[in-house]
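So you can see what is in the structure, the chains are spelled out below.
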Amino acid sequence: QPALTQPPSASGSPGQSVTISCTGTSSDVGFYNYVSWYQQHPGKAPKLMIYEVTKRPSGVPYRFSGSKSGNTASLTVSGLQAEDEADYFCSSYAGRGTYVFGTGTRVTVL
Amino acid sequence: QVQLVQSGAEVKKPGASLKVSCKTSGYTFTNNFIHWVRQAPGQGLEWMGQINPRDGTTDYPQHLQGRVTLTRDTSTSTVYMELSVLTSEDTAVYYCAKDGGAYGDNAYWGQGTLVTVSS
């Protein structure tokens, strides 16, 4: 199962929005509404930000939102803040109990 | 509160096997799947498998089938990840994570275990 494709980097100024894409196939992202997004700061464990494409766990700010169209899912961070600078990984259920992660995107707040 | 506490860092020789533990607390152990994820230095996340603590059933990615084994001990609420025939490419931080009952909602993670494979 090849990794989902994400852009290596994205950036924005404080207060702006940034959108990260996550492209899979019709066997994973395109077939299941089970895409998750994780934020990871250096040296820390990943933190769940979005699951089931659009759902936000308790405590995750409203400025984090998810969507999906066809084989591509997206994470949008609105009103960028300095603490949003991190690596972001998507993940999708791929059937038969398996999951696949994306290649990761480093978000820089300019 | 939910906690996942992993065993400590390890150094292994190529060809050896590895066993990492993940002791859970703060919730009903048999209610949620436990996933294992690893991250090589400077690289992305790699899903390694999941176990249903209720009945011990497991799922693994095809590329790790036969080399990774997940088990659980319900008496201690602990999950174990074994990886055999180690190579330098298995050098990574290994994480366990608890799902929330939905698909891919791993909101609780262990602290990570650094495994170094070197001759």
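Placed above this text is the structure.
These numbers were taken from a predicted model, which means no experiment stands behind them.

Enquirer: Explain the sheet that holds strand S8 (residues 78-83) of chain B here, please?
Expert: Strand pairing in a sheet relies on backbone hydrogen bonds. The paired strands run either parallel or antiparallel. Residue and element names in this part refer to chain B. Taken together, 4 strands build an open sheet; the order of strands is S1-S3-S8-S7 and the sheet is antiparallel. Of all strands in the sheet, those bounded by a partner on one side alone are strand S1 (3-6) and strand S7 (68-73). For this sheet the average axis-to-axis angle between neighbouring strands, irrespective of direction, equals 20°. When S1 meets strand S3 (residues 18-25), the two strands line up antiparallel, connected through 4 bridges. Within S3, the residue paired with glutamine 6 across the bridge is cysteine 22.

Enquirer: Would you mind showing me how to read the state of the cysteines here?
Expert: In a disulfide, the sulfur atoms of two cysteines are held together by a covalent bond. A complete count under the given rule lists 2 disulfides over all chains for this structure. The partner cysteine of A:Cys22 in its disulfide is A:Cys90, sulfur to sulfur 2.1 Å. With the S-S bond torsion at 80°, the cross-link from A:Cys22 to A:Cys90 turns out right-handed. Pair noted here: A:Cys22 is in strand S2 (residues 18-23) and A:Cys90 is in strand S7 (residues 86-95), with a separation of 68 residues, a long-range link. A:Cys22 sits in the buried class, given a relative accessible area of 0%. Residue A:Cys90 is classed as buried on the basis of its relative accessible area, which comes to 0%. Each sulfur of the disulfide joining B:Cys22 and B:Cys96 lies 2.1 Å from the other. The S-S bond linking B:Cys22 to B:Cys96 shows a torsion near 75°; that makes this disulfide right-handed. Of this pair, B:Cys22 sits in strand S3 while B:Cys96 sits in strand S9 (residues 92-99), and the two are 74 residues apart along the sequence.

Enquirer: Any chance you could explain the environment of A:Pro7 here in plain terms?
Expert: Residue and element names in this part refer to chain A. Mapped onto the elements, proline 7 comes out in the segment before strand S1 (9-12). Sequence spacing of proline 7 and arginine 106 is 99 residues, and the spatial spacing of their C-alpha atoms is 8.4 Å. Beyond its immediate sequence surroundings of up to four residues, proline 7 is in contact with Ile20, Ser21, Gly104 and Thr105.

Calculation criteria
Residues numbered from 1 in each chain as written. Chains lettered and ligands numbered in written order. Predicted model: local features only at pLDDT ≥ 70, side-chain atom pairs only at ≥ 80, totals over all residues. Heavy atoms only, no water. Pairing = 2+ DSSP bridges. Helix = DSSP H or I, 4+ residues; strand = E, 2+ residues; numbered from the N terminus. Axes fitted to C-alpha atoms, helices over the stretch in contact; angles between N-to-C directions. Disulfide = S-S within 2.5 Å. Buried < 20%, exposed > 50% of the residue type's maximum accessible area, 1.4 Å probe, protein only. Contact = heavy atoms within 4.5 Å.

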